[in-house]
Amino acid sequence: MAKRDYYEVLGLAKGASDQDIKKAYRKMAKKYHPDVNSDEGAEEKFKEVNEAYEVLSDSQKKATYDQFGHAGLDGQGQGFGGGQGFSDFGGFEDIFGSFFGGGFGGGQSRASTGPQKGNDRFMQMRVDFMDAVFGKTEEISLEVDEQCSECLGSGAKSKDDIETCETCHGSGRVVTQQRTAFGVFQSESVCPTCHGTGKTIKNKCPKCHGSGHEHKRVKLDIKIPAGIQSGQQIRISNKGEKGVNGGPNGDLYIEILVAPHKSFVRDGNDIRISVPISNIDAVLGTELDIPTVYGDVSLKIPAGTQSGTKFRLKGKGVKSTRGYQGDQYVEVKVEIPKKLSKQEKELYAKLRDTGKYESPFDKFKKAFK
């Protein structure tokens, strides 16, 4: 089968710039990468995208392709991972970085010596059903490493005490070479002097002793908004893990777990409740005071109500965090008495023996005649 035009594969016009090629490749690789797309044919499209990018990101191959097409590349070994395109643009590691925040294995492909925000923290908080409906403020105690108020995270006594690391010359990385019988092997690692920061401190901050942070136990007032549901999160800024190289703390995310109620069941912004009634009230009708989260509400039960019938109390549900007001649905359960007094048995028997009473089963049997 003939190969598709490489520009067409990446959704580009002929003569696209290097930046456009890189941008289109990132987009297409993300779309068809086997780790994120399990559709049939996605893997083949991913290989096709990589082959197109390998050629178009290499200036020499691109020039040959623009002039001679696929025929001009025969014998050059184009294919996934075979050319220089990936090293020119960051390539495969760069794509994994855009998926997972780093290079292979989830780490950073190159150390950054600038300020970096700390990782986020996660915790759970259980709240009462009614507190989730109406909201409340809950106090929690938390241990956190906050940025030093004296050095503002630098770890130095003053700005003049921060110097460029002489070992790595500010890169935060060192390269070592090792000669073996198979040749020279080169490896790169974090600078042992500055530990990847690219800087050294001549005189440390007297308050934090050079760490840039102060370990504290703090009390926080967590405002739980009215209408919050189980699984929703509350974000508290700067209460996550400490930053790196003077960067800010990450954030704290609190997942709310709402405790169940003994009678009310929440369904989105609606509330559901089951109410038992006697067979006499179901036959003759009655009026009941139905519990809601806002107090009792009168509900008229019409005569002849069947078990399982649902009634709607408009506006008696939960008001969502966005202002939408739900309803309450009341399901009646008709209960048949298991024990009757002598007088009650006589009354039921009298009703059945009047000759005018037709049982539901009698009506059912008529359909077979």
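About the thresholds
- Residues numbered from 1 in each chain as written.
- Predicted model: local features only at pLDDT ≥ 70, side-chain atom pairs only at ≥ 80, totals over all residues.
- Heavy atoms only, no water.
- UniProt positions renumbered as here; feature names shortened; annotations may be inferred.
- Pairing = 2+ DSSP bridges.
- Helix = DSSP H or I, 4+ residues; strand = E, 2+ residues; numbered from the N terminus.
- Axes fitted to C-alpha atoms, helices over the stretch in contact; angles between N-to-C directions.
- Buried < 20%, exposed > 50% of the residue type's maximum accessible area, 1.4 Å probe, protein only.
- Parallel < 35°, antiparallel > 145°, perpendicular 65-115°, else oblique.
- Left-handed = near helix turned anticlockwise from the far one by under 90°.
- Contact = heavy atoms within 4.5 Å.
- Nonpolar A, V, L, I, M, F, W, Y, C, P; charged D, E, K, R; others polar.
- Phe/Tyr/Trp six-rings, centres within 6.5 Å; stacked < 30°, edge-to-face > 60°.

Named according to an unreviewed UniProt entry, the chain is Chaperone protein DnaJ originating from Breznakia pachnodae. According to UniProt, the comment filed for the chain under the heading Subcellular location (unreviewed entry) is "Cytoplasm". Listed under Subunit (unreviewed entry) in UniProt, the entry text for the chain is "Homodimer."

J.: What's the story with the sheet that holds strand β9 (residues 252–258) in this structure? I'm lost.
T.: In a beta sheet, neighbouring strands are held together by backbone hydrogen bonds and run either parallel or antiparallel to one another. Read from one edge of the open sheet, 3 strands run β1-β9-β8, paired in mixed fashion. Each having just a single partner strand, β1 (121–127) and β8 (233–236) make up the two edges of the open sheet. Across the sheet, the mean angle from the axis of one strand to that of its neighbour is 25°, orientation sign disregarded. Pairing of β1 with β9 involves 7 bridges; the strand directions are parallel. Within β9, the position partnered with M123 by the bridge is I254.

J.: I'm lost on unusual backbone geometry in this one. Help?
T.: The phi torsion of most residues other than glycine is negative, and most of the peptide bonds are trans. For L152, which is not glycine, the phi torsion reads 55° and is therefore positive. The residue L152 is located in the loop between β2 (136–147) and β3 (162–164) in this model. Even without a glycine there, the phi angle at H209 is positive, about 60°. The topology assignment puts H209 in the loop between β6 (199–201) and β7 (213–224). By relative accessible area, H209 is classed as exposed at 61%.

J.: Please clarify how the packing of helix α2 (residues 18–32) against helix α3 (residues 42–56) should be interpreted in this entry.
T.: Two quantities define a packed helix pair, namely the angle between the helix axes and the distance between the axes. Contact geometry of α2 with α3 gives a least axis separation of 9 Å together with a crossing angle of 165°. With respect to each other, α2 and α3 are oriented roughly antiparallel. For the element pair α2 and α3, the recorded crossing hand is left-handed. Contacts between α2 and α3 involve I21, K22, Y25, M28, A29 and Y32 on the former and, on the latter, A42, K45, F46, V49, N50, Y53 and L56. Of the residues contributing to the contact of α2 with α3, the split by class is 10 nonpolar, 1 polar and 2 charged.

J.: Please clarify how the packing of aromatic side chains should be interpreted in this entry.
T.: Two aromatic rings, taken as a pair, are described by how far apart their centres are and by the angle between their planes. Under the defined criterion, the tally for this structure stands at 6 aromatic pairs. Ring geometry for Y7 versus Y65: centroids 6.2 Å apart, planes at 40°, classification tilted. Of this pair, Y7 sits in helix α1 (residues 6–9) while Y65 sits in helix α4 (residues 59–68), and the two are 58 residues apart along the sequence. A relative accessible area of 2% places Y7 in the buried class. Its relative accessible area of 5% is what places Y65 among the buried residues. Ring centres of Y25 and Y53 lie 3.8 Å apart, and the angle between their planes is 5°; this geometry places the pair in the stacked category. Taken together, the residues Y25 in helix α2 and Y53 in helix α3 connect sequence positions 28 residues apart. Pair check on accessibility: Y25 and Y53 agree, each one buried. One aromatic cluster is present, built from ring pairs that chain together Y6, Y7 and Y65.

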